[in-house]
Amino acid sequence: MRSNVDMSKNLDSLKTELYGKYENENSSNKIFAFVSETMENAIKTWHQKSTVEPRVHFLLVDKTDTENMLRILSEAACLLAPNGLISYPQVWKGQGSRKWEHGQNDGFFIPFVSHLVRKIWFVPSTSEKGQTLCRDHVLLGISVHEILPRLFTQG
């Protein structure tokens, strides 16, 4: 994966799930754009600096949104967490049903949570010819590899 990243092309299953769970298409579009842009920016930053700052990004509510959308859009977040900074749980060291199948690559986790959808991706990274490169993101099972507990009540 290079720095000219367009995650919207790689997240079709998330887009389908959002459209199925959210009644309002505008809500689905905003949430999908939020996740895509957060992932794209994280990958670009990793390529430039070989790290991302661990932080939670929240989808903020536009004051012009209807009352119905306020609840939906105020309850979406993406965490950026380099695996080297996670003390517990170190899900990549799992055994049994939590067995990690993605090598010992450096990289970062991107959990996404809303009141209707929860996902977690791992973006592995390698160094080639002195340049840090992200590999294709891997969708993980949230119940097995969860690093961020549920933030919002289920809808």
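Reading guide: rules and limits
- Residues numbered from 1 in each chain as written.
- Predicted model: local features only at pLDDT ≥ 70, side-chain atom pairs only at ≥ 80, totals over all residues.
- Heavy atoms only, no water.
- Salt bridge = Lys/Arg side-chain N within 4 Å of Asp/Glu carboxyl O.
- Helix = DSSP H or I, 4+ residues; strand = E, 2+ residues; numbered from the N terminus.
- Buried < 20%, exposed > 50% of the residue type's maximum accessible area, 1.4 Å probe, protein only.
- Core = buried A, V, L, I, M, F, W, Y, C linked by side-chain atoms within 4.5 Å.
- Contact = heavy atoms within 4.5 Å.
- Patch = residues over 30% accessible without salt bridge, like charges linked within 9 Å, V, L, I, M, F, W, Y side chains within 5 Å.
- Areas by Shrake-Rupley, 256 points an atom, 1.4 Å probe, with all protein chains shown as cover.
- Phe/Tyr/Trp six-rings, centres within 6.5 Å; stacked < 30°, edge-to-face > 60°.
- Pairing = 2+ DSSP bridges.
- Polar contact = N/O pair within 3.5 Å; in protein donor to acceptor, adjacent residues only side chain to side chain.

A. Quick look at the pattern of salt bridges. Under the counting rule described, the total for this entry stands at four salt bridges. Here Lys119 makes a salt bridge to Glu17, at a shortest N to O gap of 2.6 Å. With Lys119 in strand 4 (residues 118-128) and Glu17 in helix 1 (residues 12-21), this pair connects stretches of sequence that are 102 residues apart. We classify Glu17 as partly exposed; its relative accessible area is 23%. Residues Arg135 and Glu128 are paired through a salt bridge, measuring 1.8 Å at the closest nitrogen-oxygen approach. Arg135 sits in the partly exposed class, given a relative accessible area of 29%.

B. View of the environment of His115. In this structure, His115 sits in the loop between strand 3 (106-114) and strand 4. Judged by its relative accessible area of 4%, His115 falls in the buried class. When the C-alpha atoms of His115 and Phe152 are compared, they prove to be 5.2 Å apart, with 37 residues separating the residues in sequence.

C. Highlighting the nonpolar core. Within the largest apolar cluster, 25 residues are counted, with the highest numbers of intra-cluster contacts made by Leu11, Leu14, Val35, Phe108, Ile110, Phe112 and Trp121. Counting only elements with at least two residues in this core, the list comes to helix 1, helix 2 (25-49), strand 2 (76-82), strand 3 and strand 4. Not counting the four nearest positions on each side in its chain, Leu14 is found in contact with Phe32, Val35, Phe112, Val117, Lys119 and Trp121. One finds Leu79, Ala81, Val113 and Phe152 within the second-largest nonpolar core, a separate group that totals 14 residues.

D. Seen up close, a nonpolar patch on the surface. Residues Val56, Phe58, Leu60 and Leu151 make up a contiguous nonpolar surface patch of about 390 Å² in total accessible area. Among the structural elements, Phe58 can be located in strand 1 (residues 55-58). Residue classification places Phe58 among the partly exposed residues on the basis of a relative accessible area of 46%.

E. Just the packing of aromatic side chains, in detail. Scanning all chains against the criterion turns up two aromatic pairs. Ring geometry for Trp46 and Phe108: centres 5.0 Å apart, planes at 35 degrees, overall tilted. Pair noted here: Trp46 is in helix 2 and Phe108 is in strand 3, with a separation of 62 residues, a long-range link. On the basis of an interplanar angle of 50 degrees and a centroid distance of 4.8 Å, the ring pair of Phe109 and Phe122 is categorised as tilted. Highlighted residues: Phe109 in strand 3 and Phe122 in strand 4, separated in sequence by 13 residues.

F. Summary view of the pairing of strand 5 (residues 131-134). Where strand 4 meets strand 5, four bridges bridge the pair, whose relative direction is antiparallel. Bridging from a neighbouring strand, Thr126 pairs with Leu133 of strand 5. Linkage of strand 4 to strand 5, two consecutive antiparallel strands, is achieved through a turn of two residues, within which Lys129 is found at a positive phi near 55 degrees.

G. Looking closely at the environment of Arg135. When you line up the elements, Arg135 lands in the loop between strand 5 and strand 6 (138-140). When the C-alpha positions of Arg135 and Pro124 are compared, they lie 5.4 Å apart, and in sequence the two are 11 residues distant. Within the structure, the side chain of Arg135 is placed 3.1 Å from the side chain of Thr126, a separation counted as a polar contact.

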